Amino acid sequence: MSIYGKLVIDVPATNELKRSGETVVVDNLEEKDFTETFLLLETAAKRGDNVGVDEYRNVGDFLESIRFGSAFKVRKLKSDIIDAVITVGPCIAARSIRPCLASLQVFTSEGFSRESIWRDCMEMAIGYARQHPFGFSACVTDVFGHCLERIIALRTDGFVISASVPRAGKIVYRDGKSPIHMHSYVMYKEIGQVDNKRPCWSEFIRLSTEICNIMDEVGHGRDAGHTHESTTPSLIPRLPFECSLSPAPLTVVVRQVRALPDDLDRFYEFFRSAAEEGVGFSIEEFPTKEIFWKIHDSSWKVVLEDKYSGKWVAVMDWCSSWYSRCRENCDVFDAGMIIAKEFRNSGLGTPVFEISKTIAKDLGCRVLYSDIPVHHITSIAVIVKNGNSFSGSLPRAFYSPAYGWSDVLLLTMTLDSVSKI
């Protein structure tokens, strides 16, 4: 059985919560608890308590969200009712399959939603993150912008706001009836020492196999349960088309990557080569070809192909964002873009990025998200030059042999003013 990212409590633990004075029992969440857990999430969404209206549409959505981590139930002593659910696991937005960054969430019943109990549950979550076999050194949790009490409580307990995600999800607000889009804050806290010693390569291969097995069991890639449920991406409207790129000058055909071995192999090689060079990607993100395709199989993929030579000038892809908390009609996209080595430093960054923006708009994207390691100055300069704004950072989310753990800068662009193709 796959165990990637799992932490299991050996026996139920009885804890006296220091702030609220409640005595609770904490245990592993089991299959028999899934329906009750979903009802807890559903009621939290209805009262707008840091759960989006379509974040967990059914039990399957919750299971998909914890596929790489663990979940624990909290109940009062001598009670069989679940009053809180704690989730702990590797941060899926980190750019490594073995991150040092944990992702935590606490969901409570209405009776357990007061600040003191919620803070006690978050403190337990941090304790479990410290016990995790990955040796997490920091953690993040997502909080919708209208949950001011939660944000203040986290700030009081040492968390800082590291990023803001526009249009992250839809929440019930004020009148209790009309869902609105709401931004979400990524809150960050250090919980231990950073260990810059990485596992041997065979460990990464083993972890890759475990992740692939989990994806086969629960869902595929970033988009499982998100914008498009199928692992086959839809056709992109109005492709292919020709355009000229200056200042090269170069005439390219912009087309969708075909589901054929030659195209797929060339697309993979672009990413693999960039990762080996340390250009925007790390080999830790996809140590094997199999895990690369588990992550990228449902993204929209496009190539810019030289009209006359057939050379691939650049590739790009888009998918619903790791940072999004929507599962229906998600319009916040993550974008990837790689220019072939022989065409770099020739002024093509801006025109290629313009094509990426217009295609994303045509696919229904409202906010385009890019996450770039802080030491990749050239990529950051191109993105900022073309209208992206700094939205924050995800600390210690990228690992490279040259720099160790480094931060990833999060940049966003609103596409309302961008013309479609």
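Residues numbered from 1 in each chain as written. Predicted model: local features only at pLDDT ≥ 70, side-chain atom pairs only at ≥ 80, totals over all residues. Heavy atoms only, no water.

Participant: Break down the overall build of the chain for me, citing the residues and quoting the values.
Facilitator: Helix and strand content of the chain: 9 helices and 16 strands. The globule rule puts the C-alpha radius of gyration for 421 residues at 22 Å, and the 22 Å found for the chain is close to it. Here the C-alpha coordinates of the chain stretch approximately 75 × 50 × 35 Å along the principal axes. Here the chain, with 421 residues, has 59% of them falling under the buried criterion. Partitioning the contacts of the chain with sequence separation of at least 6, the portion at a separation of at least 24 is 69%. Looking at the chain as shown, the accessible area adds up to about 17800 Å², and 52% of this sits on carbon and sulfur atoms. In the chain, the 48 positive side-chain charges and the 55 negative ones have mean positions that sit 3 Å from each other. (Helix = DSSP H or I, 4+ residues; strand = E, 2+ residues; numbered from the N terminus. Rg over C-alpha atoms; globule rule 2.2 N^0.38 Å. Buried < 20%, exposed > 50% of the residue type's maximum accessible area, 1.4 Å probe, protein only. Contact = heavy atoms within 4.5 Å. Areas by Shrake-Rupley, 256 points an atom, 1.4 Å probe, with all protein chains shown as cover. Lys, Arg positive; Asp, Glu negative; His and termini not counted. Charge placed at Lys NZ, Arg CZ, Asp CG, Glu CD.)

Participant: Quick rundown of helix 8 (residues 349-362)? Include the residues and the values.
Facilitator: With 14 residues, helix 8 should cover 20 Å at 1.5 Å per step; its first-to-last C-alpha distance of 20 Å lies within 8% of that length. Of all 14 residues in helix 8, 12 are buried, a share of seventy percent or more. Turning to helix 8, its buried residues are Gly 349, Pro 351, Val 352, Phe 353, Ile 355, Ser 356, Lys 357, Thr 358, Ile 359, Ala 360, Lys 361 and Asp 362. Looking at the residues trailing helix 8, positive phi occurs at Gly 364, about 100°. (Expected span 1.5 Å × (residues − 1).)

Participant: So what about the pattern of salt bridges? Which residues, and what values?
Facilitator: For the structure shown, the criterion picks out 38 salt bridges. Close ionic contact of Glu 242 with Lys 307 constitutes a salt bridge, the shortest N to O distance being 3.2 Å. With Glu 242 in strand 9 (residues 241-245) and Lys 307 in the loop between strand 11 (300-306) and strand 12 (312-320), this pair connects stretches of sequence that are 65 residues apart. Given the relative accessible area of 38%, Lys 307 is considered partly exposed. Taking the shortest distance from any N to any O, the salt bridge between Arg 255 and Asp 263 comes out at 2.7 Å. Accessibility assignment for this pair places Arg 255 and Asp 263 in one class, buried. Connected through shared salt-bridge partners, Lys 18, Arg 19, Glu 115, Arg 119, Asp 120, Glu 123 and Asp 157 make up one network. (Salt bridge = Lys/Arg side-chain N within 4 Å of Asp/Glu carboxyl O.)

Participant: Now, about the nonpolar core: what can you tell me, with residues and values included?
Facilitator: Residues Ile 86, Leu 104, Leu 245, Val 302, Leu 304, Trp 318 and Ile 359 are the most contacted members of the largest nonpolar core, which totals 96 residues. Once residues lying within four places of it in the same chain are set aside, the contact partners of Leu 245 are Leu 250, Val 252, Leu 304, Leu 348, Pro 351, Val 352 and Ile 355. Counting 23 residues, the second largest nonpolar core, distinct from the first, contains Cys 91, Ala 138, Tyr 369 and Leu 410. (Core = buried A, V, L, I, M, F, W, Y, C linked by side-chain atoms within 4.5 Å.)

Participant: With reference to specific residues and values, describe the packing of aromatic side chains.
Facilitator: As enumerated under the stated definition, the model contains 21 aromatic pairs in all. Between Phe 270 and Trp 312, the ring centres sit 6.1 Å apart and the planes meet at 45°, which makes this aromatic pair tilted. Here Trp 312 lies in strand 12 and Phe 270 lies in helix 6 (residues 261-277), a separation of 42 residues in the sequence. Owing to a relative accessible area of 14%, Phe 270 belongs among the buried residues under this scheme. Given the relative accessible area of 4%, Trp 312 is considered buried. Members of the aromatic cluster, joined through ring pairs, are Phe 267, Tyr 268, Phe 271, Phe 281, Phe 286, Phe 292 and Trp 293. In this structure, Arg 98 is placed above the aromatic ring of Phe 134, and the distance from its NZ or CZ to the ring centre is 5.0 Å. The aromatic ring of Phe 144 is capped on one face by Arg 325, whose charged end is 3.9 Å from the ring centroid. (Phe/Tyr/Trp six-rings, centres within 6.5 Å; stacked < 30°, edge-to-face > 60°. Lys NZ or Arg CZ within 6 Å of the ring centre and 35° of its normal.)

Participant: Residues and numbers for the packing of helix 3 (residues 115-131) against helix 4 (residues 148-156), please.
Facilitator: Relative orientation of the contacting elements helix 3 and helix 4 amounts to 50°, with a least axis distance of 11 Å. Taken as axis vectors, helix 3 and helix 4 run oblique relative to one another. Every pair of crossing elements has a handedness; the one defined by helix 3 and helix 4 is right-handed. Contacts between helix 3 and helix 4 involve Glu 115, Trp 118, Arg 119 and Met 122 on the former and, on the latter, Arg 150, Ala 153, Leu 154 and Thr 156. (Axes fitted to C-alpha atoms, helices over the stretch in contact; angles between N-to-C directions. Parallel < 35°, antiparallel > 145°, perpendicular 65-115°, else oblique. Left-handed = near helix turned anticlockwise from the far one by under 90°.)

Participant: Hey, could you go over the confidence of the model for the chain for me, with residue numbers and the actual values?
Facilitator: With 92% of its residues at a pLDDT of 70 or more, the chain shows a mean pLDDT of 89. Counting contacts from residues 220-231, a segment whose pLDDT is below 50, to residues more than four positions away or on other chains yields 40 contacts. (pLDDT = per-residue confidence, 0-100.)

Participant: Go over the pairing of strand 4 (residues 84-90), please, and point to the residues and values.
Facilitator: By the criterion of burial, strand 4 is predominantly enclosed, with 7 of the 7 residues buried. Direction of pairing for strand 4 relative to strand 5 (residues 101-108): antiparallel, over a ladder of 7 bridges. By the bridge assignment for strand 5, Val 85 is matched with Phe 107. (Pairing = 2+ DSSP bridges.)

Participant: Break down the packing of helix 6 against helix 7 (residues 289-296) for me, with residues and values.
Facilitator: One way to put it is that helix 6 packs onto helix 7 with a least axis distance of 11 Å and a crossing angle of 100°. On the basis of their axis angle, the class for helix 6 and helix 7 is roughly perpendicular. The segment helix 6 lies against helix 7, with Leu 264, Asp 265, Phe 267, Tyr 268 and Phe 271 engaging Lys 289, Phe 292, Trp 293 and His 296. Partitioned by chemical class, the residues of the contact of helix 6 with helix 7 number 6 nonpolar, 1 polar and 2 charged. (Nonpolar A, V, L, I, M, F, W, Y, C, P; charged D, E, K, R; others polar.)

Participant: I'd like a rundown of the environment of Cys 330, residues and numbers included.
Facilitator: Mapped onto the elements of the fold, Cys 330 is located in the loop between strand 12 and strand 13 (332-339). Separated by 35 residues in sequence, Cys 330 and Cys 365 have C-alpha atoms that sit 8.0 Å apart.

Participant: Any chance you could break down the environment of Glu 42 for me, citing the residues and the numbers?
Facilitator: Tracing the backbone shows Glu 42 in helix 1 (residues 34-46). Distance in space between the C-alpha atoms of Glu 42 and Asn 58 is 8.8 Å, their sequence separation being 16 residues.

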